[in-house]
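# Report on the structure
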Amino acid sequence: MLPSQAPFPATRLRRLRKSPAIRALVSETNLTPADFIWPVFVRDGEGQVEPISSMPGVNRLSVDKVVDAAHEAHALGIPSICLFPYTDPALKTECCSEAWNPDNLSNRATRAIKEAVPDIAVMTDVALDPYNINGHDGFVEDGVIVNDRTVEALVKQALSQADAGADIIGPSDMMDGRIGALRGALESAGHTNVLLLSYAAKYASAFYGPFRDAVGASGALKGDKKTYQQDPGNSDEAMRLIQRDLAEGADMVMVKPGMPYLDICQRAKQMFGAPTFAYQVSGEYAMLAGAGERGWVDGEKVMLESLMAFKRAGCDGVLTYFAPAASRILNG
Ligand code: PBG
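Just so it is clear, the model here is predicted, and its values are computed rather than measured.

## Some details on the packing of helix H4 (residues 148–164) against helix H5 (residues 178–188)
The interhelical angle for the contact between H4 and H5, taken along N-to-C directions, is 45°, at an axis separation of 9 Å. Between H4 and H5, the angle is such that the two are oblique. Crossing angle aside, the handedness with which H4 passes H5 is right-handed. Across the interface between the two elements, Val151, Leu154, Val155, Ala158, Leu159 and Ala162 of H4 pack against Arg178, Ala181, Leu182, Ala185 and Leu186 of H5. Looking at side-chain class alone, the contact of H4 with H5 contains 10 nonpolar, no polar and one charged residues.

And the structure:
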């Protein structure tokens, strides 16, 4: 309960909204480019900027163009870039060994960014789906997505990313036990300062559709991800997952998707007080950017309002495809 306040007219709450100056003084939430992690899609080739039709304004970039993006991020004050590879379908197999190839697309992009713009924190994705012939985040045996064998592969994948220079490793696979296994392996390999940002509360969501187009996993995916990603109706389960991942050695946790799950963000931050991030996912981006493009909403305003909402809910930061556009506006 709020403490009691004087009745009207002694209290007129509109006084606090009377001018931009007063509103600025009493504003409770602050959004800056330092709150953003910018997810980018990486493809083969050179000089390639390939539009993604279901994500207007977002492109697949060849490694040289990803380096340009890293320079841009740095100039705008965005601290981190997160890499998602579009893997050549010919490299997708059942054993997913491209995932831990030291020279795969993600690792080449990481090395290139760390060489050119060392101040940018590079985040990488740990999950088998970009490399898996059936589009799942884990190995599939007789139609079942198996856990423990997948975790062994995720460890190899994460070590190859840390060797390439990744600062933040983001396991997005939702297998059980992977945070502990990854933390142990990183410690043993001497990667003691590599951070784990766990996709701890990741829901089985229809909002990932455009992403699956972007990384070329839509066609490949057989079935759904409901045996490893969460039921959208569950909230206590999310708290158990976050608690478990923090106990296993996650440095930071994520809730995903973002805007439909702000209650989960708020509850997680209040309950654990750990660095908490939301992923404003591809489908959220597509809705806002698509409606903005058509003039159905004011695209810039809904972008900033949606991002502010994450901060208000208690998030420390947001993974968002809007990172550069929002930063340009925030920087004036
Ligand atoms: C898969 C992965 C997904 C996203 C990030 N990593 C999709 C999925 O789980 O199918 C979604 C991101 C987005 O929609 O923007 N490991």
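Continuing now.
## Notes on the packing of aromatic side chains
For the structure on display, the rule yields 10 aromatic pairs. Aromatic side chains Phe84 and Phe211 sit 5.0 Å apart centroid to centroid with 90° between the ring planes, which places their arrangement in the edge-to-face category. Linking Phe84 in strand E4 (residues 80–85) with Phe211 in helix H6 (residues 209–214), this pair joins segments that are 127 residues apart in sequence. Using a relative accessible area of 14% as the deciding quantity, one classes Phe211 as buried. Each ring, one from Tyr285 and one from Phe322, has its centre 4.5 Å from the other, and the planes form 45°; the classification is tilted. Residue Tyr285 is found in helix H9 (residues 282–293), and its partner Phe322 is found in the loop between strand E12 (317–320) and helix H11 (323–330); the two are separated by 37 residues along the sequence. Site record: aromatic cluster; members linked through ring pairs are Phe41, Phe84, Tyr199, Phe211, Tyr279, Tyr285, Tyr321 and Phe322. One cation-aromatic arrangement involves Arg149 over Phe139; the distance from NZ or CZ to the ring centre is 4.1 Å.

Definitions and cut-offs
- Residues numbered from 1 in each chain as written.
- Predicted model: local features only at pLDDT ≥ 70, side-chain atom pairs only at ≥ 80, totals over all residues.
- Heavy atoms only, no water.
- Axes fitted to C-alpha atoms, helices over the stretch in contact; angles between N-to-C directions.
- Helix = DSSP H or I, 4+ residues; strand = E, 2+ residues; numbered from the N terminus.
- Parallel < 35°, antiparallel > 145°, perpendicular 65-115°, else oblique.
- Left-handed = near helix turned anticlockwise from the far one by under 90°.
- Contact = heavy atoms within 4.5 Å.
- Nonpolar A, V, L, I, M, F, W, Y, C, P; charged D, E, K, R; others polar.
- Phe/Tyr/Trp six-rings, centres within 6.5 Å; stacked < 30°, edge-to-face > 60°.
- Buried < 20%, exposed > 50% of the residue type's maximum accessible area, 1.4 Å probe, protein only.
- Lys NZ or Arg CZ within 6 Å of the ring centre and 35° of its normal.

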